Amino acid sequence: MKRKLAACMLSLLIGTVVTANANAFICKAFNPTIDKACESACNKISNDVLRGLCL
């Protein structure tokens, strides 16, 4: 049970980081207005580690 829970939590964390990085990459590919909106969305993430990875 503990292994399944740990695997699930790790999978969720990795998925969140990959999604945030993909969104940040797409945002930087477009104009500065969209980039600012994406940066403000990344700043809403409460976890410092994930916020750092998002930006």
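Worth saying up front: this structure is predicted, and the values here are computed from it rather than measured.

Draft legend 1. Main features of the overall build of the chain. Across its full length, the chain carries 3 helices and 0 strands. Along the chain, helices (α) and strands (β) appear in the sequence α-α-α when read from the amino end. By residue count, 15% of the 55 residues in the chain fall in the buried class. As displayed, the chain offers around 4600 Å² of accessible surface, 69% of which is attributable to carbon and sulfur atoms.

Draft legend 2. Summary view of the confidence of the model for the chain. Per-residue confidence for the chain averages 75 on the pLDDT scale, and 73% of its residues sit at or above 70. Element-level mean pLDDT values for the chain span from 66 in helix α3 (residues 48–54) up to 81 in helix α1 (residues 2–29).

Basis of the calculations
Residues numbered from 1 in each chain as written. Predicted model: local features only at pLDDT ≥ 70, side-chain atom pairs only at ≥ 80, totals over all residues. Heavy atoms only, no water. Helix = DSSP H or I, 4+ residues; strand = E, 2+ residues; numbered from the N terminus. Buried < 20%, exposed > 50% of the residue type's maximum accessible area, 1.4 Å probe, protein only. Areas by Shrake-Rupley, 256 points an atom, 1.4 Å probe, with all protein chains shown as cover. pLDDT = per-residue confidence, 0-100.

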